[in-house]
Each structure stands twice: as structure tokens, then as C-alpha cells.
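As a plain string of letters, each chain reads:
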Protein chains: 2
Amino acid sequence: MELHHAILATDVLLFTFRASQLWVRTITVDRPPYFVNMKGFPGGLIKPDENAEAAAIRCLREKAGILSKLFIEQLYAFSEIDRDPRGRVVSVAYLACVPWDDLSELEQVDQDATAWRRVNGLGKLAYDHNEMLNFALEWLKAKAKSTNLLSWLMPKEFTLTELQSCYEQILEVKLDKRNFRKKILQLDLLKLLAKKTAGMKNRPAQLYQFNSKKVTFSGNLI
Amino acid sequence: MELHHAILATDVLLFTFRASQLWVRTITVDRPPYFVNMKGFPGGLIKPDENAEAAAIRCLREKAGILSKLFIEQLYAFSEIDRDPRGRVVSVAYLACVPWDDLSELEQVDQDATAWRRVNGLGKLAYDHNEMLNFALEWLKAKAKSTNLLSWLMPKEFTLTELQSCYEQILEVKLDKRNFRKKILQLDLLKLLAKKTAGMKNRPAQLYQFNSKKVTFSGNLI
DNA sequence: GCAAAAGTGTTAGATATACACCCATGG
DNA sequence: CCATGGGTGTATATCTAACACTTTTGC
């Protein structure tokens, strides 16, 4: 129908939270001109019979082995002419989140081609994936401040200290414990469970869960 | 290099503010299957030697006759399979803003193929352009609340009543005059000019201008 | 009993909201 | 003098920010 202009692709930045750290799913990119174990985010071409989001979810499955239900939203379309050394490729990047304990053992484990890596200290990534990561981290900050997005990063049950730690990671600030608890509890996002942590070498902590995983504006949270 | 998958295009929603109303630049789409004066937003294919934003600016020039310097930011990539009846076209939509009095007479005037139309009451548009408009209006709301974006919609000199009216249009709320003035003045975004309106049939109004047109977070404005 | 993390309130300052009348101009 | 839109202040409620000690458990 028209002259061929650009290949259309997608990349996905999938985040999770575990052990007081933000993690992102990476793949190994060892194609020319990238060698020696360079990392990037899973992605691939968009097929004629799928929209960009469907392609993103498929790539997560095929390239990163992730099948679980997840939160996914479009981040940005990266279209710089030289962003891919192989040719003109425009990539619609997606951001996704999944609670660590929703993942199967196979999804949690690191493999040769794909692994969970801490967001801090990823180093130089392939293509323009560092730029994508910066976009994603800014986006996470904005959403963490104004929505209940963290329901897609926290495990099913968590303590307020763990939740606070997740906010602190994403917002890159230190929060006051008492003010944080007052604020988050009065927002009515959380349900108090009839359970506490056990087996720790300190005082047991009250467990909570999110009321809803529908991500909506929830006031100015933090 | 690869199988042909999708054509890559861009569309631009260019807004301005005049006579207490939000306006958007439209074009006439009378190609099959759209006839009888259907409206849409200016757009076109992305060329091999330009990124999406450059293509958007070029399309504004070629299809809508707009050459002035403007604020432009990516909105969303629309990729539904059937969004264009002519074939598989993915469109990276951009939102742009320009102050009415930056426009030349030729840019202000309506022509056969392209015109300024009030945002309210546009009716059914071609393709998925109604969806684009909804995205853009939500985006405008969010930015109006947290940045000095309106520096790209207001004329060089304006009264506080005009500025309030622009906020009210975009946010779709009615604001209290005294609270609005208190808030906006204490934010230090505006410069008081040594001028007042004249020739009106009522009391002259103080004129202001924006200190800066660099769009940045400016507190929770309104 | 000690180490480690959990849990808990108050106060002062800043911000948001609600609200009504007088002023300057043109006709 | 009247119609039109411009301009101004206060009081209350709410939210934010700063801050330190006691409790419960495992070892």
C-alpha cells in the first residue's frame, strides 16, 4: 500500500518488589553490535493481527517467560532514527507490574536469557533502554503518588513497614513512619487482616492487603 | 529487512485559547469511507529520516498550515488493528499548544481544508480521533493542574479573569475568583505588567504575563 | 536482658475553602 | 445613574511536618 518506512516494535519494562528492592525483568542482548552479556528489556516486533499491548504481553511470555496476570500500561513511543543500529525501528514501550508472590517458581527464577535484576545499578543497557528505564521510573513515581498502583507491586499480604519501604524505593525519599501510617490508613485503601507475621526475631507485625487492584486516582497519597 | 507489518503515522491535536474558549485545529477528511465534510486532526506518515515529533510538526505545517513555534508533547500511540479502514496504521498522537496571538493572520484564518473549531461540540470525528481528543483533554487537565502549561495557551498579555476562564474551560470546574487570584499570584508564575486593558465598557483590568514558557512542575496549582 | 523491628499522639504551621461588597469605566 | 466586569480580606477547617518513647518477640 505504501513505501516501507519503519519497523514497529515494542519493549516491556516489568517491575516487581521483593526484599525491600525494586526489580526489573531483563534479557540478554547478544546480537551485533552488542556482545558480552549486554542487558536490555524484553521486546519484539508487533504482528499484523495484534495491537501494541498484545504484542508487549506476548513478548513478555516469549522472551522473558512471564505468563502471570499483570498490570500493563503504555509508557512512550521511542522513535529516534538511530535508536536501533539494525535499522529504523520505532518501539512502543510498556510498563508492567506484577506482585512477586503471583509469580510461579519458574517465573521467579533467573535463566540464561532472562533474569530479575535490581533497578539500581543496572549499568549501560542495549539500544535506548536506559532512557526507557528513566521514563519508567518517573512514571512510577507519578503513579505511586496519586494512585493505588502499589497494589500491583506488593505481595498479597504485607506489613506497613514493607509498604513504606516500597514507596521509599520508588519515590527516592525517606518517609516518617508515623505520618506515613496515619496517611495510608485514612485513605481506606488497605484492609487489616486477622493475621500477624510470625517467626521473626522481633515483635510480630500486623498484616494488611489492598482492598482493590483496580488502579485509580486515590488522592494525593504521599 | 523484515516483513512489512504496519504503517507508522502521526496525528496532532493543536490547541489554542481565544474568546474564553478552547479551540483545536481540524482538517476535513473526505476520503473513503469518510465523506460529507467529516473532520479529523492533521496527520500523516512518518518518513524514514525523521522521528515522530518531527513528522508531527511537518504534518501541522503541510496539512494545517501552522508554522509558528509551539509546545508539543507525545500523547499516546494508537495501535488498534482496525483503527484505520484503509489498512494497518499505527499512529503516534501528539498534543500541541500555541498562543492565539503568536499565530499569523494566515494561521488564524479558516480555510477549506483546515479550520479552528471549538473543542466542545465537535461531534463524530474520523478514525479514532474522538478517542484521541478524550486522551488529550485528560492530559490537558493533568498538566494544567501541575505545570505552567497555560503559558502556551494564553496570549502574551492577559487579565487574571481570562486566565481563570482558561483554567475553568480545561478543568471543567468553576473556580472562586478570590481564591484563584490568591493562589496563582503566590506561585510566582506571573509578572505584573505596567499596563491595563483599555477601551472596554467597564473598569480596566490589570495585565499579566507568564515569567517563563518552560513547562515544569509548579506545585499543585488549582 | 539485649537486640531488633513494631507500634503509637501531639503540636505548630501551612494550605484550602467558603463567602459579599465596593470600584472604575462607558454609555 | 446604571450596567458591566474588576478587584479585594477574613475566618474556619483541613492537611502537613516534625518529633521520641514503649512494646513484643527471639535468642
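Shown above is the structure to which this text applies.
Below you will find a few notes about this structure. As the structure is a prediction and not an experimental result, all values here were calculated from the model.

Attention now moves to the side chain of Asp84 of chain B. All names here are of chain B. Secondary-structure assignment places Asp84 in the loop between strand E5 (71-78) and strand E6 (89-97). Of the residues examined, Asp84 reaches a relative accessible area of 5% and is grouped as buried. In this structure, Asp84 is in contact with Val89 and Tyr127, ignoring residues within four places of it in sequence.

Moving on to the interface of chain B and chain A. Facing 27 residues of chain B, the contacting portion of chain A comprises 28 residues. Here chain B and chain A share an interface that buries about 2,400 Å² over both sides, 59% of which is from carbon and sulfur atoms. Counting across the interface, chain B meets chain A through 12 residue pairs in polar contact (both at pLDDT 80 or more). No other element matches E5 of chain B, which puts three residues into the side of chain B that touches chain A. Here the side of chain B that touches chain A is built from residues that sort into 14 nonpolar, six polar and seven charged.

We now examine the packing of helix H4 (residues 160-171) of chain B against helix H5 (residues 177-186) of chain B. Residue and element names in this part refer to chain B. Packing of H4 against H5 leaves a shortest axis separation of 11 Å and a crossing angle of 100°. By the angle between their directions, the pair H4 and H5 is classed as roughly perpendicular. Residues Leu160, Thr161, Leu163, Gln164 and Tyr167 of H4 pack against Lys177, Phe180, Arg181, Ile184 and Leu185 of H5. The residue inventory of the contact of H4 with H5, partitioned by class, reads six nonpolar, two polar and two charged.

Moving on, we get to the protein's contact with DNA strand D. Around DNA strand D sit 21 residues in total, of which Met200 and Arg203 of chain A together with Lys177, Asn202 and Gln206 of chain B are the nearest. Considering the 4 Å shell around the protein, atoms of DNA strand D inside it are sugar or phosphate in 40% of instances. Asn179 of chain A places a polar side-chain atom, nitrogen or oxygen, 2.9 Å from a base nitrogen of DNA strand D. The side chain of Thr161 of chain B places a nitrogen or oxygen atom 3.1 Å from a phosphate oxygen of DNA strand D. At five residues, the largest contribution of residues to the surface near DNA strand D is made by H5 of chain B. For the surface near DNA strand D, the per-class residue count stands at four nonpolar, six polar and 11 charged.

Rules used in this analysis
Residues numbered from 1 in each chain as written. Chains lettered and ligands numbered in written order. Predicted model: local features only at pLDDT ≥ 70, side-chain atom pairs only at ≥ 80, totals over all residues. Heavy atoms only, no water. Helix = DSSP H or I, 4+ residues; strand = E, 2+ residues; numbered from the N terminus. Buried < 20%, exposed > 50% of the residue type's maximum accessible area, 1.4 Å probe, protein only. Contact = heavy atoms within 4.5 Å. Buried area = accessible area lost by both parts, 1.4 Å probe. Polar contact = N/O pair within 3.5 Å; in protein donor to acceptor, adjacent residues only side chain to side chain. Nonpolar A, V, L, I, M, F, W, Y, C, P; charged D, E, K, R; others polar. Axes fitted to C-alpha atoms, helices over the stretch in contact; angles between N-to-C directions. Parallel < 35°, antiparallel > 145°, perpendicular 65-115°, else oblique. Near = heavy atom within 4 Å.

Remember that the coordinates give geometry; whether it matters functionally is a separate question.
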